[in-house]
Structure formats: C-alpha cells, structure tokens
Amino acid sequence: MGAQKSIHAGKAKIDVNVDLTHKLCASLMLPPFRSSGSPLSMIIGSLCLKHPNLFGGSEKLDVSWDKGLYDSNALIAYRRPRPEWLSQQSFVIQHSLSPEIGVHGKPMDNFSRSGSGGVNLSQFSVGLDLTEPANSNWSSTTSIRFKHVRPVNDDGRSISRDLDGFPVTYSGNSNDSMVVLKQESHYAKAKERSFFRISFQIEQGIPLLSKWIIFNRLKFVASKGIKLGPTFLLTSVTGGSIVGDMAPYQAFSIGGLGSVRGYGEGAVGSGRSCLVANSELTFPLNKMMEGAVFLDCGTDLGSGRHVPGNPALRHGKLGSGMGLGYGLRFKAPVGHFQVDYAINSYQQKTVYFGISNLGS
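Just so you know, the residues in each chain are numbered from 1, in the order the chain's sequence is written. For this predicted model, a pLDDT threshold of at least 70 governs which residues receive local features, and a threshold of 80 or more governs which side-chain atom pairs are given and counted, while totals over whole chains, interfaces and linings are taken from all residues. Think of the side-chain values as coming from all heavy atoms in the structure, minus any hydrogens and water.

The name given to the protein in an unreviewed UniProt entry is Outer envelope protein 39, chloroplastic, with the source organism recorded as Punica granatum. UniProt positions are given in the numbering used here, feature names are shortened, and annotations may be inferred rather than shown by experiment. Taken verbatim from the UniProt record of the protein, the Subcellular location (unreviewed entry) comment is "Plastid, Chloroplast outer membrane".

In structure tokens:
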C-alpha cells in the first residue's frame, strides 16, 4: 500500500511518496536490526522538492529525502545554466545513514540471510559534479567531494571498533575524512534484437592532509542482452579492485539481490577485489507477466584476508558462492514488480521481492 502526491507551489514542484508495501518485503528478507522506536519508523517513503528557476536565471534546485526501514539519504543539488556543449555543473551536499551489512553483517541460516553486525555508516559529503555532454554512445560524469565517514552503532552512538574489537575505520578513530575524485563513464549500444552496455567507475583518494585516506578504487559492469525468439537472455559481469589505504567499509561485498541471489547481503564474501557473473533468461507468460530462470556466481578472488580486520574470515564467509533459481516479473502501470526464488550452494532457499520504476 502506498500514496503518491505532487504539489505545485508557484514554479516549484513537491513530490511526496509514502510506501508501506516495502515493510512486508523487507521483513521477509531481513531480520530486525534494531527495535522500532515508533510506528513512523516502519514507513518507507520519499520527499522531493524541485525548483526550475530559483533566482530568476534558470538556476535549478533539487532537494530530496529518502527513508527506508533502516537507512536514509538526504540530497541538495544546485545547478546553474550552462550552454549544452559545456559540462553541466552541480554543487551537491549529501548525507546518508545505512547499516553496514555487506561487510560487518553476520551470515545466518546457511548464508541465506544476513544479520546486523552492529555497525552503521553516517556519511556526509559536499562537492562539485561535472556532467560531460553526451558524445555518441558515451557519457561521463566527474565529481570531486570531501567526505566524512562516521561509523555508529544501532543506538546512533559513534564507534571506532566492531563487536569483536577490530577497528571499523582506517584511522582507528571514530571517523575518517577524505577528498575523492570520481570518474564515471558509460557506453551503450542497442540494435534491433540485442544491446550492450559497459560502465567504469574510478575513485581516487587525494591526500590533501597526511592523515587522509589515499586509495584507488576501480569497478566495472558489462552486460549483454540478446533476444532469442520469444525469450530474452541477459548476461552481466561485475568486477572491481582497490589498492592503497583502505577502511573495512570500502570492501566489495558479494551476495544478495543484485549480486549472488540465494545468499544474504554480503554473505558470500567481502574483499579488496570481486568478480560476479549473472545470467538470466526471461520468457513471456502473458501480457503483464514474465517468467525467469537465472544463475549467479561470485568470488572475492582470495582478497578477503587483505581487508583490515578480515571481517569475512571472522564471520565464516567462504569467499565464493553460486545461486540459481526462478522468478516472476510483473509489469503494471504503476511500476515493475519481481519475485525471485533462489537456492544457494548449501541447498538453502531464499525469496526476494523487488519494486522498481514506480510512477509519480
């Protein structure tokens, strides 16, 4: 159940979306991390304010706030008008709070679920985003931001160590600071019966101060889709690696929806490197429903022991895993829904729910 509303105040537009359906989905997939303080804590929704002409010169202001069961994200973006052939500049302020399940979460029920490890990340960033003009099939975005990362426990108090007594920051203190230069490039090419996409993401930590983190983090995603008669085959490969200084929360987590289904979030492994392969075949059942069969596999390439504190070893993650299963895809006017039933290498079964492309 949910409610959506758009309100126009002069030239500004406010989009409000309050959704209760995720409460059921999340409760089926994840155990409670903390006690709910009030009924309002179980509401998931978003609030978005858009102003297309803030100071009368076509300056755009976007303010958004998204709330989940256990996470939240607030974003303020200000854009000044520029010619189309120049990079579009956005000044961005962002704050997010989320449980660090992928690295510090504890695998449960033969790795089919992940329980809270008592570590949450409060992240504040401020900086500039530059979006380059689209060139043929390529698009790219460059950003430079100051980031302040503060781990907190389930009660919201700052912590410097996890439940086992190992540091959760690079500095060993209650927070990390860094300046990150990030480059994202995307390539997409579509034909009548197929498409190909690839994206690269490179992050570089800049040591403006001696105590700040210096690192280079690379991630890529390549996917190929082919129509085979009435069916559609989608395959993808995701990989990444990080060199230099590293905090545990920067590790690549493997397992869960969007990674290796059949496992809880991060239950396969968490390492300095990762490689995940997914393949899915969908076939029509009627005008609004599709069936799917899939196979996922992933590995940390033996890099879990190189993460500070080795949280993967302490939680019994093996570093590699495979999941297979089937599912249903529903196409409705208000959005797309999916249900996946997966089984992992331990013969443990997991059900996933997904909702996307909700209309406003």
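Back to the text.
(A) Seen up close, unusual backbone geometry. With a phi angle near 70°, Phe111 is a residue other than glycine that sits in the positive phi range. Only runs of H or I of at least four residues qualify as helices and only runs of E of at least two qualify as strands under DSSP, and these elements are numbered from the N terminus. On the secondary structure map, Phe111 appears in the loop between β7 (106-108) and β8 (113-115). Residues other than glycine seldom take positive phi values, yet Gln347 does so here, at roughly 65°. If you trace the backbone, Gln347 turns up in the loop between β20 (335-344) and β21 (349-356).

(B) Region of interest: a nonpolar patch on the surface. Residues form patches when they are more than 30% accessible in relative terms and have no salt bridge. Like charges link within 9 Å. Nonpolar side chains (Val, Leu, Ile, Met, Phe, Trp, Tyr) link within 5 Å. All accessible-area figures derive from a Shrake-Rupley calculation using a 1.4 Å probe, and residue coverage is judged against the displayed protein chains alone. We define a salt bridge as a contact between a side-chain nitrogen of Lys or Arg and a carboxyl oxygen of Asp or Glu at a distance within 4 Å. A surface patch of nonpolar side chains, about 420 Å² in accessible area, is lined by Phe283, Leu285, Val293, Tyr326 and Leu328. Those elements that provide at least two residues to the nonpolar patch are β17 (273-286) and β19 (320-332). The residue Leu285 is located in strand β17 in this model.

(C) Geometry of the nonpolar core. Met178, Phe215, Tyr249, Ile254, Val260 and Tyr263 are the most contacted members of the largest nonpolar core, which has 22 residues in total. Taken together, the elements giving at least two residues each to this core come down to β11 (176-190), β15 (252-254) and β17. Residues enter a nonpolar core if they are buried and are Ala, Val, Leu, Ile, Met, Phe, Trp, Tyr or Cys, with the set joined through side-chain atoms within 4.5 Å. Burial classes: relative accessible area under 20% of the type maximum marks a residue as buried, over 50% as exposed, and values in between as partly exposed (1.4 Å probe, protein chains only).

(D) Inspection of the pattern of salt bridges at higher detail. Inspection of the entire model under this criterion finds 13 salt bridges. As a salt-bridge pair, Arg261 and Asp340 come within 3.1 Å of each other at their nearest N and O atoms. Within this pair, whereas Arg261 is found in the loop between β15 and β16 (269-271), its partner Asp340 is found in strand β20, the two being separated by 79 residues in sequence. Look at Arg261 and you get buried, because its relative accessible area is 9%. Notably, a salt bridge pairs Asp340 with Arg329, separated by 2.6 Å at the nearest N-O pair. With Asp340 in strand β20 and Arg329 in strand β19, this residue pair connects regions lying eleven residues apart in the sequence. With respect to class, Asp340 is no different from Arg329; both count as buried. The structure contains a network of salt bridges with shared partners spanning Arg261, Glu280, Asp296, Arg329 and Asp340.

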